[in-house]
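Listed below are the residues making up each chain.
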Amino acid sequence: MLRCKYCGAPLDKKVLESDSPYITCSSCGTSQQRMDAKAYLDQMMGQVQSWISKTLPGGFSLSQTENVDSVARFSIFNNNIRPRIDTEYSEYRFAANSLLSNPLMTLPFTTDSSAVAAHSSADAFGFNARVKSIEPLAVDEASKNTVISAEEMSTGYAMLINNTKLLREDTPGRYILMANNFSEASAAFGKIKGYGPAEDRLRALAGICTGCEMLLNGNSAGSLSYFENGYEQLIGVRSAVSADLNLGIMYQAVETEITQAKILSDLAGFITKGIAADPLEILNTVKRIMSFNYAKTGKWGFLLGNKDRFGEVFGNLSKVLSAKAGGTLPITSGAGEYLIPFWDIDLRYSFQSGAMWAKKSVEVKEDLLIPADFVIDFECLNNPRSGLTDIFSIRPETGILSGIKGTETSISGGEGIGRLSDTARQNPPGTRKIAVPLSTEKEAKKLVSEYLAVCTNQGSRLKLSNPYVKSLIYIPCNIRDGRVEVPAGFGKLIPERVKRMNLSQMIIV
Ligand SMILES: [Zn+2]
């Protein structure tokens, strides 16, 4: 059987029977000339031959195996072959286990380069070919088991190695290849003792990949059951590996995959529910949301680099789409053709007012608003002041504290933001256009914490309680020349982020 010259995988019989001079590998997806695949096979078999001649006792040829009695075969296997295979097998087994400890799925339109294999797939397929070559010498149960485990382990591992490459690039059709590789790997691990949970996990992932392919082709209804089944199966795998000494290393990875399966079934669910919109159009919105260049490093990398956040983001997108189809959203009063989402934050702080004997603590309650798309603006991440209504900007702390007379009731200026946010009521958006919120509640909370850290960093007398995220609200705004105009209620506290918003980059539905 010909071998792919790029990854070493045996090429499909189906493909080989065609007359075309070009063949496409169903494991890595690369096309190549038939003659190149033939040349690669010859090279590989040459390496197998040289390994055999180094491994078998001098003068013994595999072609004579049929004429050699089983006692002699048993002896050759255990004295010459086993020591070499065992060493390599345990190396591959270790590497495969460590690959299995990584999440092996990625959501559509995203890439993941965290899973890195210690070998190339060609290495693993090469080992597989060597073990296959000495199969006839395995006569007893133990030898046969060794051969089967080594063969299947290397096949399953090689298939997963190919998938790690597919995870790194968002190429069209990658989910078909991944589904194929997961199925093959699942079947392979299924034949190795103790790898049942890996077999189940990879089968679940194969189904989820098939679902992704359908979803990307606009068949969200068809994809839904693949995601739901995959989710159920992975839940089963998670409980199976929680007490498994060998495969317990998969636990965290399976958790991540469960979250992905949940996100996918939610996504397929709300696309399927119709909501009058074209599924491909919604998918395009999803694509734009997922393919933003979110911060992957620095203090925001931990939150924004974690794809679990998309669960909440798509939850909010789903609410927006349902509102467009006749539902409601918390919308503040006022005119404006565009509904722009903001996080409404309740902030309480206290400060020392007065001097010496007249000192007293003053408690203040303020409302902060955060534009819910701040996560795509690196300025906001670097300078939290620019991502919210900067209430301390109007009366900076340093200037204030020196001159406090004990009659101050506040050192911030909320400018009536609270009055604006308090008007939010569940109302249908009507024909107004809606900007999609791109951040999560946790991220909003972090922005406020970062902001407070900036405001209180110099031996401050400010005391702040934990900010509380009240809700996501939608404020009617107008757009002029592509720029957002917020209502007068913001006063002087228009977040810098809002001034930088540009209609062409906003995700509007
Ligand atoms: Zn290939």
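Residues numbered from 1 in each chain as written. Predicted model: local features only at pLDDT ≥ 70, side-chain atom pairs only at ≥ 80, totals over all residues. Heavy atoms only, no water.

Observations concerning the overall build of the protein
Along the backbone of the protein there are 17 helices and ten strands. Against the 2.2 N^0.38 benchmark of 23 Å for 509 residues, the protein shows a C-alpha radius of gyration of 31 Å, more extended than a compact globule. Over its C-alpha atoms, taken along the principal directions, the protein stretches across nearly 105 × 55 × 35 Å. For the protein, the residues scored as buried account for 50% of the 509 residues in total. (Helix = DSSP H or I, 4+ residues; strand = E, 2+ residues; numbered from the N terminus. Rg over C-alpha atoms; globule rule 2.2 N^0.38 Å. Buried < 20%, exposed > 50% of the residue type's maximum accessible area, 1.4 Å probe, protein only.)

As for the coordination of the zinc ion
On the protein side, the zinc ion has Cys4 (SG), Cys7 (SG), Cys25 (SG) and Cys28 (SG) as donor atoms, found 2.3 to 2.4 Å from it. If you look at the zinc ion, its four donor atoms make angles of 106 to 114° with each other, and the shape they trace is tetrahedral. Taken in sequence order, the residues that donate to the zinc ion follow the motif C-x2-C-x17-C-x2-C. Of this pair, Cys7 sits in the segment before α1 (13-17) while Cys28 is found in the loop between β1 (22-24) and β2 (31-33), placing the two residues 21 residues apart along the sequence. Taking the relative accessible area as the measure of exposure, Cys7 reaches 0% and is therefore buried. You can call Cys28 buried: its relative accessible area is 18%. (Donors = N, O, S within 2.8 Å, 3.2 Å for Na, K, Ca; no water. Tetrahedral: all angles 85-135°; square planar, octahedral: opposite > 155°, others 65-115°.)

Observations concerning the pairing of strand β9 (residues 468-480)
Two strands pair when backbone bridges link them, and β9 and strand β10 (residues 483-485) are joined in this way by three bridges, in the antiparallel orientation. Within β10, the position partnered with Arg480 by the bridge is Arg483. Taking the residues that link successive antiparallel strands as the turn, the β9-β10 hairpin has two residues, and the phi of Asp481 there is positive, at about 50°. (Pairing = 2+ DSSP bridges.)

Overview of helix α16 (residues 441-455)
The end-to-end C-alpha separation of α16 is 21 Å, in line with the 21 Å expected for 15 residues at 1.5 Å each. What α16 keeps buried is the set Glu443, Ala444, Leu447, Val448, Glu450, Tyr451, Leu452 and Cys455. (Expected span 1.5 Å × (residues − 1).)

Re the side chain of Asn181
Relative to the elements of secondary structure, Asn181 occurs in helix α6 (residues 174-190). Residue class for Asn181 comes out buried when judged on its relative accessible area of 0%. A polar contact of 2.8 Å, which involves the side chain of Asn181, links it to the side chain of Ser27. When residues no more than four places from it in sequence are discounted, the contact partners of Asn181 are Ser26, Ser27, Met159, Asn162, Asn163 and Leu166. (Polar contact = N/O pair within 3.5 Å; in protein donor to acceptor, adjacent residues only side chain to side chain. Contact = heavy atoms within 4.5 Å.)

Digging into the packing of aromatic side chains
One pass over the full model with this rule turns up ten aromatic pairs. An aromatic cluster is built from Phe292, Tyr294, Phe310 and Phe314, whose rings are joined through pairwise contacts. Over the ring of Tyr294 we find Arg309, and its NZ or CZ is 4.7 Å from the ring centre. Lying over the aromatic face of Trp300, Lys446 brings its terminal NZ or CZ to 5.4 Å of the ring centre. (Phe/Tyr/Trp six-rings, centres within 6.5 Å; stacked < 30°, edge-to-face > 60°. Lys NZ or Arg CZ within 6 Å of the ring centre and 35° of its normal.)

Comments concerning the layout of surface pockets
In this structure, the largest pocket spans a volume of roughly 560 Å³. Contributing to the lining of the largest pocket are 25 residues, with Thr111, Lys296, Gly305, Asn306 and Lys307 lying nearest its centre. Counting only elements with at least two residues in the lining of the largest pocket, the list comes to α9 (251-272) and α11 (298-304). Per-element tally for the lining of the largest pocket: the top contributor is α11, with three residues. Tallied by class, residues from the lining of the largest pocket come to ten nonpolar, ten polar and five charged. (1 Å grid on protein atoms, 1.4 Å probe; cavity = no way out; pocket = protein on both sides within 12 Å on 5 of 7 lines; lining within 4 Å. Points joined across faces, edges and corners; volume = space filled by probe spheres on them. Nonpolar A, V, L, I, M, F, W, Y, C, P; charged D, E, K, R; others polar.)

With respect to the pattern of salt bridges
Scanning the model with the defined rule gives 27 salt bridges in all. Residues Asp86 and Arg82 are paired through a salt bridge, measuring 3.9 Å at the closest nitrogen-oxygen approach. With a gap of four residues between them, Asp86 and Arg82 both fall in helix α3 (residues 70-100), about one helical turn apart. On the basis of relative accessible area, Asp86 is assigned to the partly exposed category, the value being 30%. Arg82 sits in the buried class, given a relative accessible area of 18%. We note a salt bridge from Glu151 to Lys132, for which the minimum N-O separation is 3.7 Å. One end of the pair, Glu151, is in helix α5 (residues 141-168); the other, Lys132, is in helix α4 (residues 121-133), and 19 residues separate them in sequence. (Salt bridge = Lys/Arg side-chain N within 4 Å of Asp/Glu carboxyl O.)

With respect to empty space enclosed by the protein
Enumeration over the complete set of coordinates arrives at one cavity of 30 Å³ or more. Size it by volume and the largest cavity reaches roughly 80 Å³. Lining the largest cavity are 14 residues, and of these Asp373, Ala435, Val436, Met506 and Ile507 lie nearest its centre.

Description of the nonpolar core
With 156 residues, the main nonpolar core has Leu100, Phe189, Ile289 and Phe314 as its most contacted residues. The two domains that each donate at least three residues to this core are domain 1 (13-272) and domain 2 (298-505). Among residues more than four places away in sequence, those in contact with Leu100 are Leu160, Phe189, Tyr195, Ala198, Arg201, Leu202, Leu247, Met250 and Ala253. (Core = buried A, V, L, I, M, F, W, Y, C linked by side-chain atoms within 4.5 Å. Domains from an automatic or database assignment.)

Focus on unusual backbone geometry
A positive phi angle is found at Phe109, which is not glycine, with a value near 70°. With respect to the secondary-structure elements, Phe109 resides in the loop between α3 and α4. In this model, Asp481 sits at a positive phi of 50°, which is unusual for a non-glycine residue. Turning to its location among the elements, Asp481 is positioned in the loop between β9 and β10.

A short note on the packing of α3 against α5
Where α3 contacts α5, the two axes come as close as 9 Å, and the packing angle between them is 35°. As α3 packs across α5, the resulting crossing turns out to be left-handed. Taking contact as the criterion, the partners of Phe77, Asn78, Arg82, Ile85, Asp86, Tyr89, Tyr92, Arg93, Ala95, Ala96, Leu99 and Leu100 in α3 are, on α5, Ala142, Ser143, Thr146, Val147, Ser149, Ala150, Met153, Tyr157, Leu160, Ile161 and Thr164. Tallied by class, residues from the contact of α3 with α5 come to 15 nonpolar, five polar and three charged. (Axes fitted to C-alpha atoms, helices over the stretch in contact; angles between N-to-C directions. Left-handed = near helix turned anticlockwise from the far one by under 90°.)

Description of the domain arrangement of the protein
Taken domain by domain, the protein consists of domain 1 (13-272) and domain 2 (298-505). Distance from the C-alpha centre of domain 1 to the C-alpha centre of domain 2: 49 Å. Contacts between the two partners involve ten residues from domain 1 and, on the opposite side, eight residues from domain 2. Taken together, the connections running from domain 1 to domain 2 amount to zero salt bridges. The tally of links from domain 1 across to domain 2 stands at zero residue pairs in polar contact (both at pLDDT 80 or more). Within the side of domain 1 that touches domain 2, the residues separate by chemical class into four nonpolar, five polar and one charged.

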